[in-house]
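Spelled out from the first residue to the last, the chains are:
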Protein chains: 2
Amino acid sequence: PDEAARAGAQERNGQLTKPPGALGRLEDLAIWYAAWRGDARPRINSPQVLIFAGNHGVASRGVSAFPPEVTVQMVANFAHGGAAINQLSALAGAKMSVHPIDLETPTADFTQGPAMSEAEVMAAIAVGWEAVDPDADLLVVGEMGIGNTTSAAAVAHALLSGEPSDWTGRGTGVDDAGIALKTQVVSDGLKANPGAANDPLQALRCLGGRELAAMAGAIARARLRHIPVILDGFICTAAAATLESAVPGALDHAVAGHGSAEQAHRRLLEHLDKEPLLQLGLRLGEGSGAALAIQILRGAIACHSDMATFAEAGVAGG
Amino acid sequence: PDEAARAGAQERNGQLTKPPGALGRLEDLAIWYAAWRGDARPRINSPQVLIFAGNHGVASRGVSAFPPEVTVQMVANFAHGGAAINQLSALAGAKMSVHPIDLETPTADFTQGPAMSEAEVMAAIAVGWEAVDPDADLLVVGEMGIGNTTSAAAVAHALLSGEPSDWTGRGTGVDDAGIALKTQVVSDGLKANPGAANDPLQALRCLGGRELAAMAGAIARARLRHIPVILDGFICTAAAATLESAVPGALDHAVAGHGSAEQAHRRLLEHLDKEPLLQLGLRLGEGSGAALAIQILRGAIACHSDMATFAEAGVAGG
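Bear in mind the structure is a predicted one, so any value in this text is a computation, not a measurement.

**Things to note about the overall build of chain A**
Piece 1. Per the secondary structure count, chain A includes 13 helices and 5 strands.
Piece 2. Over its C-alpha atoms chain A spans a radius of gyration of 20 Å, differing by no more than 12% from the 20 Å that the globule rule assigns to 318 residues.
Piece 3. The dimensions of chain A, computed from C-alpha atoms along their principal axes, are 70 × 40 × 35 Å.
Piece 4. Every one of the 318 residues in chain A was classed for burial, and the buried ones make up 63%.
Piece 5. Across chain A, the fraction of contacts at a sequence separation of at least 24, relative to all contacts at a separation of at least 6, is 79%.
Piece 6. Here chain A carries 22 positive and 34 negative side-chain charges, and the mean point of each set is 3 Å from the other.

Structure representation (structure tokens):
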């Protein structure tokens, strides 16, 4: 981040026609965004939403309420503009694109060994890296992949230990027996991939999926391009957490867009010390919560960059 | 509300390409809005933001961190487009107008007797009533008035009892001594106006202010026109609460836009059984939090009315 821009934004914030601090988190958001964009009075002109899709071998274990063919069906729905993320991206004025990654070749069932080879995970990371528009000024990454809450739970468990049940939840809507099965599958996954524990990139390879790897690649690229990121829900955050575990501070350019109804998301956000902007009980994925949160950031920037100062407006200070 | 439209919206919601319930509160919001608009697949085309301003005799007691002339200065700032609410209204695509009410005649100091006569409070209610565009499809009301957190605290105390200190807070930024003073002034106000306790319209007249009365009038008019309302922070909610106290259910057409940093707001919202859409620590007033929350409702309606159904998209259900 650009410390001169941050200081300039802080100074401007103190001069705007409002009591100090009265815009709460909007003020912090604007200053954070200004610092990353290197502009004390920034604009959001080119937000980008990237959706990555992958299929998971572990779906054959029956961990999802939906059949695996829904991944490719939903990719078609994204392409035709019919999904929630299409509407939320349009509302936010964001350019959205969908990137299915080798859907015809699911990852391997991670309870039997690594989900991906080194070459496969690197290829998926590269898909994410390349998908980022270097001229974007805000990035949201989302995902679609039947079975991927189980994959995300296994990644989170590898990164942060705890019990397998700390990281599993209802996903798209499994019942209690489904949660018990997911928990067993996560436990089996860690046993089958002992090298994944406490090794973030191995966790991504052995327990993750192509869409998780692509999200991590995109978030890393955004960091290098000084493009602020709004994180989505549990799966996005688990993918992002591999970066933070590998390089502490790697997510300083990211805020949490929303707190998912998936209970493990809260645990993950607490670990990352990120307070979600929205808490609306969403658990859809697709980048939906993060895309909705673009509007909050837009509100913060509109106030910061377009309000009058006390001097300009002739208003007496407090 | 229109129960056929509600049922139609519920049915549509169940057919959209997402797991049941995966959009969380957005689903409830869309169905609520559909019912009030009488349209199972509604649009938001004409949101309106009304800002009312009033001056308070009680400001002479030193209850605010800002001098009373800031009210008229901020009205000019609203008129020239320089305030936070101007930016947030524009972002939400809302038509905003500002309505100063007899600023040259502050209400009487309510520690000495009623703030307004019957004629004065009725005139202020009428300003709010008349300001509502009957063709609006969403309403936000906000306020400006140096001293009005004290007025709102006194109104809330009259409506809901408790201790005076339950209802007082930092407002625009007073210190601990300022809070103690506000609490004493609220206590004095109730003693000077015994008829205000448990009589909502007398509370509005004796302890409220012209902008509070106008907000109440606008919210009541919106109810009759089936225009859904997003409530702003503590002062707006205190004004609205007079309606609910007078006629239980009078705020069924309203949702809470945000939870203010002003601690009494949470208590008031709990009484009204309304969970705020946003919790971002705002404490500005002006309708700012509610205007920001328009974006959340817009997201809900965009998903509800524009997503494909499972059948349209050829996606397998869960």
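Structure shown, so let's carry the discussion forward.
**What to know about helix α10 (residues 234–246) of chain A**
Residues and elements named next belong to chain A.
Piece 1. Look at α10: 18 Å from first C-alpha to last across 13 residues, which is about the 18 Å you get at 1.5 Å a residue.
Piece 2. Buried residues dominate α10, accounting for 10 of its 13 residues.
Piece 3. The secondary structure elements touched by the buried residues of α10 are β3 (138–144), α6 (148–160), α8 (200–207), α9 (210–224), β4 (229–231) and α11 (263–272).

**Quick notes on the domain arrangement of chain A**
Residue and element names in this part refer to chain A.
Piece 1. The domains assigned to chain A are domain 1 (3–41 + 304–313) and domain 2 (47–296).
Piece 2. Look at where the C-alpha atoms of domain 1 and domain 2 centre, and you get two points 32 Å apart.
Piece 3. If you look at the interface, domain 1 gives 7 residues, while domain 2 gives 17 residues.
Piece 4. When domain 1 packs against domain 2, close to 1000 Å² is buried across both sides, 65% of that on carbon and sulfur atoms.
Piece 5. Together, R25, W32 and W36 form the three largest contributors to the area buried by domain 1 at its contact with domain 2, with a combined 60%.
Piece 6. Counting every contact that joins domain 1 to domain 2 gives 0 salt bridges.
Piece 7. In this structure, the connection of domain 1 to domain 2 is made through 6 residue pairs in polar contact (both at pLDDT 80 or more).

**Things to note about the side chain of Q295 of chain B**
Piece 1. Topologically, Q295 of chain B is positioned in helix α12 (residues 288–306).
Piece 2. Residue Q295 of chain B is classed as buried on the basis of its relative accessible area of 2%.

**Overview of the layout of surface pockets**
Unoccupied space between atoms shows up once a probe the size of one water molecule is rolled over them.
All names here are of chain A.
Piece 1. Volume-wise, the largest pocket comes out at about 390 Å³.
Piece 2. If you go around the largest pocket, you meet 22 residues; those closest to its centre are R266, E275, P276, L278 and Q279.
Piece 3. Tallied by class, residues from the lining of the largest pocket come to 7 nonpolar, 6 polar and 9 charged.
Piece 4. Here the second largest pocket is characterised by a volume of approximately 330 Å³.
Piece 5. Lining of the second largest pocket is provided by 18 residues; of these, I125, L201, L204, A220 and L243 occupy positions nearest its centre.
Piece 6. For the lining of the second largest pocket, the secondary-structure elements that each account for two or more residues are α5 (118–131), α8, α9 and α10.

**A word on the environment of L278 of chain A**
Piece 1. Its place among the elements puts L278 of chain A in the loop between α11 and α12 (288–306).
Piece 2. In this structure the C-alpha to C-alpha distance between L278 of chain A and G257 of chain A, which are 21 residues apart in sequence, comes to 6.2 Å.
Piece 3. Once residues lying within four places of it in the same chain are set aside, the contact partners of L278 of chain A are G257, H258, G259, G289, L292, A293 and I296 of chain A together with L278 and I296 of chain B.

**Some points on the pattern of salt bridges**
Piece 1. Tallying each qualifying case throughout the model produces 20 salt bridges over all chains.
Piece 2. K18 of chain A serves as the salt-bridge partner of E27 of chain A, at 3.1 Å between the closest nitrogen and oxygen.
Piece 3. Look at K18 of chain A and you get buried, because its relative accessible area is 4%.
Piece 4. Its salt-bridge partner being R6 of chain B, residue E3 of chain B comes within 2.9 Å of it at the nearest N-O pair. Here E3 of chain B pairs with R6 of chain B, and both are found in helix α1 (residues 3–15), just 3 residues apart, close to one helical turn.
Piece 5. Among the residues examined, E3 of chain B registers a relative accessible area of 49% and is labelled partly exposed.
Piece 6. A relative accessible area of 25% places R6 of chain B in the partly exposed class.
Piece 7. Within this structure, D102, E120 and R210 of chain A form a network of salt bridges that share partners.

The rules we used
Think of each chain on its own: its residues are numbered from 1, step by step along the sequence as written. Naming scheme: in the order in which they are written, chains are lettered from A and ligands are numbered from 1. With the structure being a predicted model, the display of local features is reserved for residues of pLDDT at least 70 and the display and counting of side-chain atom pairs for 80 or more, all residues being used for whole-chain, interface and lining totals. The side-chain quantities take in all heavy atoms of the structure and omit both hydrogens and water. Numbering of helices and strands runs from the N terminus; a helix is a DSSP stretch of H or I covering at least four residues, while a strand is a stretch of E covering at least two. Here the radius of gyration uses the C-alpha set of atoms, whereas the globule reference equals 2.2 Å times the residue count to the power 0.38. Relative accessibility under 20% of the residue-type maximum defines a buried residue, over 50% an exposed one, and the middle range a partly exposed one, all with a 1.4 Å probe and only protein chains included. Note on contacts: a residue pair qualifies if any of its non-hydrogen atoms lie within 4.5 Å across the two residues. Within this scheme the basic residues Lys and Arg register as positive and the acidic residues Asp and Glu register as negative, but His and the chain ends are omitted. One atom stands in for each charge, and that atom is NZ of Lys, CZ of Arg, CG of Asp or CD of Glu. In this scheme, a helix's expected span is set at 1.5 Å multiplied by one less than its residue total. What marks off one domain from the next here is an automatic or database domain assignment. Once two parts are put together, the accessible area they lose, assessed with a 1.4 Å probe and summed over both, is termed the buried area. We define a salt bridge as a contact between a side-chain nitrogen of Lys or Arg and a carboxyl oxygen of Asp or Glu at a distance within 4 Å. Under the rule applied, a polar contact is a pair of N or O atoms within 3.5 Å (in protein, one hydrogen donor and one hydrogen acceptor; residues adjacent in sequence only if both atoms are side-chain atoms). A 1.4 Å probe that fits but cannot get out identifies a cavity on a 1 Å grid over protein atoms alone, an open set with protein on both sides within 12 Å along at least five of seven lines counts as a pocket, and a residue lines either if it has an atom within 4 Å of a point. Grid points are joined across faces, edges and corners, and a volume is the space filled by probe spheres set on the points. Throughout, the ten residues Ala, Val, Leu, Ile, Met, Phe, Trp, Tyr, Cys and Pro are labelled nonpolar, Asp, Glu, Lys and Arg are labelled charged, and all others, Gly among them, are labelled polar.

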